[in-house]
Amino acid sequence: NSTFILISGMTIQVKIIQEIQPQPIKYTYPSQILVNPQYSDQLYNVLIESDPDLAPMALRILNLLPTLQEQFLELNDETDWEEFLCIDMPYLLVYRIDMIANLVSQNSSQYVPIFYPNGMIALLNIVFNVAASIFPDTDSLITLLKISQYLLEFDDAKSYKSGILD
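Note that the coordinates shown come from a computational prediction; the quantities given were computed from them, not determined experimentally.

Conventions we followed
Residues numbered from 1 in each chain as written. Predicted model: local features only at pLDDT ≥ 70, side-chain atom pairs only at ≥ 80, totals over all residues. Heavy atoms only, no water. Buried < 20%, exposed > 50% of the residue type's maximum accessible area, 1.4 Å probe, protein only. Helix = DSSP H or I, 4+ residues; strand = E, 2+ residues; numbered from the N terminus. Arc of directions from axis to C-beta. Contact = heavy atoms within 4.5 Å. Patch = residues over 30% accessible without salt bridge, like charges linked within 9 Å, V, L, I, M, F, W, Y side chains within 5 Å. Areas by Shrake-Rupley, 256 points an atom, 1.4 Å probe, with all protein chains shown as cover. Salt bridge = Lys/Arg side-chain N within 4 Å of Asp/Glu carboxyl O. Axes fitted to C-alpha atoms, helices over the stretch in contact; angles between N-to-C directions. Parallel < 35°, antiparallel > 145°, perpendicular 65-115°, else oblique. Left-handed = near helix turned anticlockwise from the far one by under 90°. Nonpolar A, V, L, I, M, F, W, Y, C, P; charged D, E, K, R; others polar. Phe/Tyr/Trp six-rings, centres within 6.5 Å; stacked < 30°, edge-to-face > 60°. Lys NZ or Arg CZ within 6 Å of the ring centre and 35° of its normal.

A word on helix α3 (residues 55–64)
Residues of α3 that are buried: Ala55, Pro56, Ala58, Leu59 and Leu62. Summarising the axial view, the buried residues of α3 lie within an arc of 160°, below the 170-degree limit, and thus occupy one face. Facing away from the buried side of α3 by more than 90 degrees, the exposed set consists of Arg60 and Leu64. Of the surrounding elements, those touching the buried residues of α3 are α2 (37–49), α6 (90–106) and α10 (138–153).

See the structure below:
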């Protein structure tokens, strides 16, 4: 109970009968929704269909989300790099190369031996021979070139460079 005295001796008494706790506001971020396979699978399908209008947007969205788990599962010492870096699905190619660059930079001891030299050689073959002709948009081509340059210059892969650049 609280009593307040106002002008001319007026008083107001306030009684709190029941405490009402404010309900916490629950926020849902778009990324929390999009990681749900119901949506991420649809984005992945748009990516592999390579629609020149939709695939670049799907690529940008997927690159903001955690990497799709099934993509990790394909990376190992026996990865067929020509198949994994499939030029028939150029936006999937960029997605996978971006994933590899992130994995190499975060856990080089595990992923450098997997990707170098064979994966890097396959990537350079794509860059030098077909990259300019497989992308309908220049932004994705530039992204592929920048990631390729990063992977080629990656310090922890120095021991592999002589086998790649010979």
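With respect to a nonpolar patch on the surface
A surface patch of nonpolar side chains, about 610 Å² in accessible area, is lined by Leu6, Ile7, Met10, Ile12, Val14 and Ile16. Within the fold, Ile12 resides in strand β2 (residues 11–14). Looking at Ile12, the relative accessible area reads 40%, which means it is partly exposed.

A few points about the packing of α6 against helix α7 (residues 108–115)
For the pair α6 and α7, the least separation of the axes is 6 Å and the interaxial angle reads 135°. Looking at the two axes, α6 sits oblique to α7. Crossing hand, α6 versus α7: left-handed. In this structure, α6 contributes Ile100, Leu103, Val104 and Gln106 to the contact, and α7 contributes Ser108, Tyr111, Val112 and Phe115. Across the contact of α6 with α7, the residue classes break down as six nonpolar, two polar and no charged.

What about the packing of aromatic side chains?
Counted by the stated rule, this structure contains five aromatic pairs. Measuring from centroid to centroid gives 5.3 Å for Trp81 and Phe115, while their planes differ by 85°, and the two rings are edge-to-face. Here the residue Trp81 occupies a position in helix α5 (residues 81–84), and Phe115 occupies one in helix α7, the gap between them amounting to 34 residues. The exposure class of Trp81 is buried, given its relative accessible area of 6%. For the ring pair Tyr150 and Phe154, a centre distance of 5.7 Å and an interplane angle of 55° mean the geometry is tilted. Put simply, the rings of Trp81, Phe84, Phe115 and Tyr116 touch in pairs and so form one group of aromatic residues. Above the ring of Phe84, the side-chain terminus of Arg96 is found at 4.3 Å from the ring centroid.

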